[in-house]
Amino acid sequence: MSKIKPQPGIMDIALYKSGEAKIAGKSEVLKLSANENPYGPSDLAKEAFARTSASLHRYPATDHAGLRAAIAETYGVDGDKIICGVGSDEVLQFITQSFAGPGDEAIYTEHGFSMYPILAMAAGVKPICVAETDRRVDVDAVLAAITAKTRIVFITNPGNPTGTVLSKVELTRLAKGIPESALLVLDGAYVEFDEGFDGGISLVEAHTNVVMTRTFSKAYGLGGLRIGWGYAPREIIDVLNRVRQPFNLSPTQLETAEAAVMDQEWLRKCVDSNTKNREWLVNALRDIDVEVDNSRSNFVLARFSSEDEAANCDAALREDGIIVRRVGGYGFPNGLRITVGDESACRRVVHSIGQFKGDR
Ligand SMILES: *Cc1c(COP(=O)(O)O)cnc(C)c1O
């Protein structure tokens, strides 16, 4: 037996399960399992990506100044309060690693992102799961779960896989209710789809302990590039930069993301299509007796009458070459999360579910 032992808690971490991308025996699949943008990134981003091939022998800038300035200009924020990472996942990791450790607690909610307990446990932090009410974050329950050991509260807004949101009033109440010794992390992976919501920028400005994370993986169509960012008070950014590797992002990532954020026209088109297709999808699913909440995101959570029905529907979809996401791990054994694809994808998935329902 080897005497090499991992740190306590590491082997208790359940491996992250991502949305599947393949079906055995099918060459053409429609992937609606990972909330990707069906139209891909802006052409300007693709051109920037290609251009960087000329300078791959060069190390990247360590300060990310160009990308931070582009984000600051686009969102009207202070570039000195931005940190960029390998996906927002890496920013979430910096936050957890920097502000919590053994003996501390990190709160997340029942249907929250499965990365939160993983990141907490990797840092020796105890993850505390708080129940949601009717598939929405329950602010009172979150506040009631806070103890002297709480260092971080993770909230996904809009939620994944629920697609539901907290109102501005509720978010403000949450931010005010969290003690100043704990961080409120607002994970804004889907903010672009929730029109009118600033993702928490104003809350970051108003508090010393609020952090917002954002990503290029969803609305910007760059999930494969791995880039995200965080917005927080300068003192917090200063801490996070100390655990960040200096060369965490390649020139390709930095320049592609910079071009992407500068092309708000493309983002607008993608968001508008998503809104239109999402509303169509929600209504079409309800028409065939599938329960679904209104979503403020780029996916919908379809709820079936039992775990068996969800599993059988998933199997029927796979038979038709369509991959959606089973979400038992997120507390919805009866659910299937379906990414809003383009118009034909939405029609295809509804047609397939409709046939499954009709066949029984
Ligand atoms: C997709 C997603 C992210 C983004 O992850 P990246 O590392 O930026 O690709 C973060 N949080 C939630 C809830 C997500 O669904």
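A. Seen up close, the pairing of strand β8 (residues 228-231). Here β8 shows a buried face lined by Gly228 and Gly230 and a second buried face lined by Trp229 and Tyr231. Bridging between strand β2 (residues 82-85) and β8 involves 4 bridges; their strand directions are antiparallel. Residue Gly85 lies in a different strand from β8, and its bridge partner there is Gly228.

B. Looking closely at the pattern of salt bridges. Scanning all chains against the criterion turns up 23 salt bridges. Via salt bridges that share partners, Arg68, Asp78, Asp80 and Arg234 belong to a single interconnected network.

C. Spotlight on the packing of helix α3 (residues 87-99) against helix α8 (residues 234-243). Between α3 and α8, whose axes approach to 9 Å, the crossing angle comes to 100 degrees. Comparing the axis directions of α3 and α8 gives the class roughly perpendicular. Where α3 abuts α8, its residues Phe94, Ile95, Gln97, Ser98 and Phe99 lie against Ile236, Val239, Leu240 and Val243. Grouping the constituent residues of the contact of α3 with α8 by class yields 7 nonpolar, 2 polar and no charged.

D. Looking closely at helix α4 (residues 115-122). Taking burial as the measure, the 8 residues of α4 include 6 buried ones, the bulk of the element. Restricting attention to buried positions, one finds in α4 the residues Met115, Tyr116, Pro117, Ile118, Leu119 and Ala120. Positive phi appears at Gly124, one or two residues downstream of α4, with a value of about 75 degrees.

E. Just the domain arrangement of the chain, in detail. The domains assigned to the chain are domain 1 (17-40 + 265-358) and domain 2 (43-262). Distance from the C-alpha centre of domain 1 to the C-alpha centre of domain 2: 26 Å. Each partner contributes to the roughly 2,100 Å² buried at the junction of domain 1 and domain 2, and carbon and sulfur atoms together form 54% of this total. Among the residues of domain 1 in contact with domain 2, Leu267, Arg296 and Tyr330 are the three that bury the most area, contributing 33% of the side total. At the junction of domain 1 with domain 2, the criterion picks out 3 salt bridges.

F. Helix α10 (residues 264-287), seen in detail. Here α10 spans 34 Å end to end across 24 residues, near enough to the 34 Å set by a 1.5 Å rise per residue. Along α10, the residues that are buried comprise Leu267, Cys270, Val271, Asn274, Asn277, Arg278, Leu281, Val282, Ala284 and Leu285. Positive phi shows up at Asp289, right after α10, with a value of about 65 degrees.

G. Up close: the site of the ligand. The immediate surroundings of the ligand are formed by 13 residues, with Ser88, Tyr190, Thr215, Ser217 and Lys218 found nearest. Within the side chain of Ser217, a nitrogen or oxygen atom sits 2.6 Å from an oxygen atom of the ligand. Taken by itself the ligand offers 390 Å² of open surface, and the protein chains cover 94% of this. The dominant element in the shell around the ligand, judged by the number of residues it contributes, is α3, at 3 residues.

H. Broad picture of the environment of Thr62. If you trace the backbone, Thr62 turns up in the loop between α1 (43-51) and α2 (65-75). Here Thr62 falls in the partly exposed class, since its relative accessible area comes to 34%. Distance in space between the C-alpha atoms of Thr62 and Trp266 is 28 Å, their sequence separation being 204 residues. Setting aside residues no more than four positions away along its own chain, Thr62 makes contact with Arg244, Pro246 and Phe247.

I. Spotlight on the nonpolar core. Membership of the largest hydrophobic core comes to 50 residues, with the highest contact counts inside it found for Ile155, Leu184 and Phe216. Mapped onto the domain boundaries, this core takes at least three residues apiece from domain 1 (17-40 + 265-358) and domain 2 (43-262). Aside from chain neighbours lying at most four places away, what touches Phe216 is Leu67, Ile71, Gly221, Leu222, Gly223, Ile227, Gly228, Trp229, Ala257, Ala260 and Val261. Ile83, Ala106, Ile236 and Val327 belong to the second-largest nonpolar core, a separate cluster that totals 29 residues.

J. Local environment of the sheet that holds strand β10 (residues 299-303). The strand order across the open sheet built from 4 strands is β9-β10-β13-β12, with neighbouring strands paired in antiparallel fashion. At either end of the open sheet lies a strand with only one pairing partner, and these are β9 (291-292) and β12 (325-327). In this sheet, β10 lies alongside β9 in antiparallel orientation, the contact comprising 2 bridges. Note that in β10 the partner of Glu291 across the bridge is Arg303. Most of the contacts of α10 go to β10, to which it runs at about 10 degrees, and overall it touches β9, β10 and β13 (332-339). Where helix α11 (residues 307-319) meets the sheet, its contacts fall on β12 and β13, and the angle it forms with β13 comes to roughly 35 degrees.

K. Here's a closer look at the environment of Gln253. Turning to its location among the elements, Gln253 is positioned in helix α9 (residues 251-262). Since its relative accessible area comes to 10%, Gln253 is described here as buried. Remark: the alpha-carbon pair of Gln253 and Gly358, spanning 105 residues in sequence, is separated by 46 Å. Apart from the residues within four sequence positions on either side, Gln253 is in contact with Val86, Leu225, Arg226, Ile227 and Asn248.

Parameters at a glance
Residues numbered from 1 in each chain as written. Predicted model: local features only at pLDDT ≥ 70, side-chain atom pairs only at ≥ 80, totals over all residues. Heavy atoms only, no water. Buried < 20%, exposed > 50% of the residue type's maximum accessible area, 1.4 Å probe, protein only. Helix = DSSP H or I, 4+ residues; strand = E, 2+ residues; numbered from the N terminus. Pairing = 2+ DSSP bridges. Salt bridge = Lys/Arg side-chain N within 4 Å of Asp/Glu carboxyl O. Axes fitted to C-alpha atoms, helices over the stretch in contact; angles between N-to-C directions. Parallel < 35°, antiparallel > 145°, perpendicular 65-115°, else oblique. Contact = heavy atoms within 4.5 Å. Nonpolar A, V, L, I, M, F, W, Y, C, P; charged D, E, K, R; others polar. Domains from an automatic or database assignment. Buried area = accessible area lost by both parts, 1.4 Å probe. Expected span 1.5 Å × (residues − 1). Near = heavy atom within 4 Å. Polar contact = N/O pair within 3.5 Å; in protein donor to acceptor, adjacent residues only side chain to side chain. Areas by Shrake-Rupley, 256 points an atom, 1.4 Å probe, with all protein chains shown as cover. Core = buried A, V, L, I, M, F, W, Y, C linked by side-chain atoms within 4.5 Å.

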